[in-house]
Amino acid sequence: MAGSDVIIIGGGIIGGSIAWRLAQAGAAVTLVDAGALGGEASWAGAGMLAPGGETAGRSRWAEFALESLALYPAFVEELEGETGLGIDYRRCGAVEIARTEAEWQDLLARRAAQSELGIRAEVTGDRLFYPDDALVDPRDVTRALRCACERRGVSIREQTRVLAVRVTEGRAEVETGGGVLTGSAAVLAAGAWSGAIPVFGPGGRIEIPASFPVRGHLLGYALEPGSVGPILRHGHTYVMQRSSGFTIAGTSSEQVGFNRELDPLVVDEIRARAGELLPRLRLAAEPIAWLGFRPATEGFEPAIGRLGDTCVWLAYGHYRNGILLAPGTAARVAGEVAGR
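Draft legend 1. Spotlight on the overall build of the protein. What the protein contains, in helices and strands, is 8 helices and 21 strands. Here the C-alpha radius of gyration of the protein, 20 Å, is about what a compact globule of 340 residues would show, namely 20 Å. Dimensions along the principal axes, computed over C-alpha positions, put the protein at roughly 60 × 40 × 40 Å. By the burial criterion, 54% of the 340 residues in the protein qualify as buried. For the protein, restricting intrachain contacts to residue pairs at least 6 apart in sequence, the fraction spanning at least 24 positions comes to 71%. Taken as a whole, the protein presents about 14500 Å² of accessible surface, with 51% of it coming from carbon and sulfur.

What follows is the structure, given as structure tokens:
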């Protein structure tokens, strides 16, 4: 039986960020993942940091998204400085396109509601421009988080499946396929798999928000760097470009469980929609396709915070905004755990 101050279950961008922040605070941290760190939703995510495209009005999660977006520049700078690794992060803005009068009126109504939150949007012809929307390569972030965690002594255990969490006398026992880990606290941040991990207290099983995967397909095109300006969006279709020129188009939203098989019909549909949004993609070389599992909960709201009065914290269910909400979630959860 191995001991630790805090055990983090799930090594994606959320779990990795929390582990890093806790290690900075002086905690002895063990980071456990059933696969490879950053190998699931964080690896698959496009990395669009765009409350303007996700928020229709005021809510606590809309405000949290803006809070987390504001943390991003310093988060990236600190992570780069601590590891020496570059992270592709840019505030490039986003253009929201309307093709009908009804769509345009919907955009204007959304803009009016968003302005109360402080989200800036400028009218340019028949489009809205969101100057504060940004993008980041989540693979860069998770690679840097791994490096930062290793440098601060975080014990990383990959290919280690968690079977259950048990709370006994103010301590957490995390049962894995390779033995039991104990700590003064545990954080459940296993994305779409979180809800399937049972948590037990002295009185029996403790209910936690159920989680489920929402599969999304994405396409990647090899284009010249700088050939796409701001993020382009129309409805659920978007096109965005990394600094390398790698251009991502998405996406789909499918509740089919953890089915990892690419659907050629979905791929063709996204390719057609992306070609309408950015016609030059019709002439581009064949794109590569991949998919990921967005972690959702009932109501599609994150489960973030302490589980009752136990020593277990929840940090999952971020749905389409896990990359965006990582700095804010880490600050909140790590702060609460360290404060306790």
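Draft legend 2. Here's a closer look at the packing of aromatic side chains. According to the stated counting rule, one finds 10 aromatic pairs in the structure shown. On the numbers, 6.1 Å between centres and 25 degrees between planes, the contact of Phe246 with Trp290 is stacked. Note that Phe246 is positioned in strand S18 (residues 246-250) and Trp290 in strand S19 (residues 288-297), a separation of 44 residues in sequence. Feature note: the residues Trp20, Tyr72, Phe75 and Tyr89 constitute an aromatic cluster, connected by ring pairs.

Draft legend 3. Here's a closer look at the pairing of strand S15 (residues 211-222). A large share of S15 lies buried, amounting to 10 of its 12 residues. Sheet analysis places S15 next to S19, joined by 10 bridges and oriented antiparallel. Bridged to Gly216 within S19 is Gly292. Examined bridge by bridge, S15 and S18 share 5 bridges and lie antiparallel to one another. The residue bridging Leu219 from the neighbouring strand is Ala249, located in S18.

Draft legend 4. Up close: the environment of Leu223. The residue Leu223 is located in the loop between S15 and strand S16 (231-234) in this model. Assessed through its relative accessible area of 12%, Leu223 is described here as buried. Along the primary structure Leu223 and Glu254 are separated by 31 residues, whereas in three dimensions their C-alpha atoms are 28 Å apart.

Draft legend 5. Examining the side chain of Ser42 more closely. Within the element layout of this structure, Ser42 appears in helix H2 (residues 41-44). Within polar-contact distance, the side chain of Ser42 engages the backbone nitrogen of Ile13 at 2.8 Å. Leaving out residues up to four positions away in the same chain, Ser42 has contacts with Gly12, Ile13, Pro138, Arg139, Thr142 and Ile323.

How each quantity is defined
Residues numbered from 1 in each chain as written. Predicted model: local features only at pLDDT ≥ 70, side-chain atom pairs only at ≥ 80, totals over all residues. Heavy atoms only, no water. Helix = DSSP H or I, 4+ residues; strand = E, 2+ residues; numbered from the N terminus. Rg over C-alpha atoms; globule rule 2.2 N^0.38 Å. Buried < 20%, exposed > 50% of the residue type's maximum accessible area, 1.4 Å probe, protein only. Contact = heavy atoms within 4.5 Å. Areas by Shrake-Rupley, 256 points an atom, 1.4 Å probe, with all protein chains shown as cover. Phe/Tyr/Trp six-rings, centres within 6.5 Å; stacked < 30°, edge-to-face > 60°. Pairing = 2+ DSSP bridges. Polar contact = N/O pair within 3.5 Å; in protein donor to acceptor, adjacent residues only side chain to side chain.

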